[in-house]
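Notes for the structure review
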Amino acid sequence: ADWQDATTDMTTETLLNALKSHWGYDSFLPLQQDAMECVLSDRDSVVVLPTGGGKSLCFQAPAVIRDGLALVVSPLISLMKDQVDGLVAAGVPAACLNSGLEPREHRQVYESIRAGSLKLLYVAPERLVQPGMLESLAEANISLVAIDEAHCISQWGHDFRPEYRQLKLLRAKLPDVAVHAYTATATPTVRDDIVRE
């Protein structure tokens, strides 16, 4: 068990280094480390943290230290843009695919995916479930799937989006990739619904 402790210490140190170098934080907020360790050990997770509790870092920091591309499902173009702008400003290669992009910008994102130069890719659920989209992403080295605003999955959530229900396609197309759901608001019923989907 000593080697496991040493590995955990090394992982914690690597995560803390990423938090410090990219975001300027010296320590974890409550529950962040547990959530990050779920990502790094490829265990599916549902994370409920209050707004301002550092949910995004729970998948962004592990994405930075892992090989491959983290796929982030996000419901709002403005939210994606804010996250990507923040990541790029922090020195993390990130992009989004959404209907607001010019054709040239779309091509640049796909070129970056093929080149393996991105760490995080934000995609709206509507785009993700379009024919061929998951097949093309399956060819990339997907390190993890993060579903932001995961309460949208549940018909009992306050912002139900039917396309979120189709995210079970992720399991079929990316069977070996762990899926992590993040939300600030989830009643026990909503949490159970997220887990079932």
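Residues numbered from 1 in each chain as written. Predicted model: local features only at pLDDT ≥ 70, side-chain atom pairs only at ≥ 80, totals over all residues. Heavy atoms only, no water.

Looking at the overall build of the chain
This is how the line gets drawn: Secondary structure is summarised from DSSP: a helix means a run of H or I of at least four residues, a strand means a run of E of at least two, and numbering begins at the N terminus for each. Each residue gets one of three labels from its accessible area relative to the maximum for its type: buried under 20%, exposed over 50%, partly exposed in between, using a 1.4 Å probe on protein chains only. By definition, residues are in contact when any of their heavy atoms lie within 4.5 Å. Per-residue accessibility takes into account occlusion by the displayed protein chains alone, with areas from the Shrake-Rupley method and a 1.4 Å probe.
A tally of helices and strands in the chain yields ten helices and six strands. Residues counted as buried form 48% of the 197 residues belonging to the chain. Across the chain, the fraction of contacts at a sequence separation of at least 24, relative to all contacts at a separation of at least 6, is 73%. For the chain, the exposed surface amounts to about 9800 Å²; the carbon and sulfur share of it is 52%.

What to know about the pattern of salt bridges
Formally: Salt bridges are defined by distance alone: a side-chain nitrogen of Lys or Arg within 4 Å of a carboxyl oxygen of Asp or Glu.
For the structure on display, the rule yields five salt bridges. Close ionic contact of K81 with D85 constitutes a salt bridge, the shortest N to O distance being 2.8 Å. Of the two residues, K81 and D85 are both situated in helix α4 (residues 77-89); the distance of four residues between them amounts to about one turn of the helix. Take K81: its relative accessible area is 46%, and that puts it in the partly exposed class. The class for D85 is partly exposed, based on a relative accessible area of 39%. Across the salt bridge formed by K173 and E135, the nearest N and O atoms sit 2.8 Å from each other. Here K173 is found in helix α9 (residues 169-173), whereas its partner E135 is found in helix α7 (residues 133-138), with 38 residues between them in sequence. Since its relative accessible area comes to 36%, K173 is described here as partly exposed.

Quick look at unusual backbone geometry
Most of the time, phi is negative for any residue but glycine, and the peptide bond is trans. In the Ramachandran plot, L31 falls in the positive-phi region, its phi being about 75 degrees despite a non-glycine side chain. Relative to the helices and strands, L31 resides in the loop between α1 (2-23) and α2 (32-40). In this structure L31 comes out as exposed when scored by relative accessible area, which is 53%. If you check the backbone angles, D42 has positive phi at about 55 degrees while not being a glycine. As for its position among the elements, D42 is in the loop between α2 and β1 (45-48). Take D42: its relative accessible area is 39%, and that puts it in the partly exposed class.

Structural notes on α2
To keep it simple, the criterion reads: This arc is taken over the directions from the axis of the helix to the C-beta atoms.
If you check which residues of α2 are buried, you get Q32, A35, M36, C38 and V39. Down the axis of α2, the smallest arc covering the buried residues is 155 degrees, so these residues share one side. In the stretch just after α2, D42 is the one whose phi turns positive, near 55 degrees.

Examining the pairing of β1
For the record, the criterion: Any two strands between which DSSP finds at least two bridges are classified as paired.
Side-chain alternation along β1 places S45 and V47 on a buried face and V46 and V48 on a face that remains uncovered. In the sheet, β1 pairs with strand β6 (residues 179-183) via four bridges, with the strands oriented parallel. Residue pairing across strands places V48 opposite T183, the latter belonging to β6.

Describing the environment of A95
Structurally, A95 is set in strand β3 (residues 94-97). Sequence separation of A95 and Q83 is twelve residues, and the distance between their C-alpha atoms is 9.2 Å. Not counting residues up to four positions away in its chain, the partners in contact with A95 are V84, V109, L118, L120, L121 and Y122.

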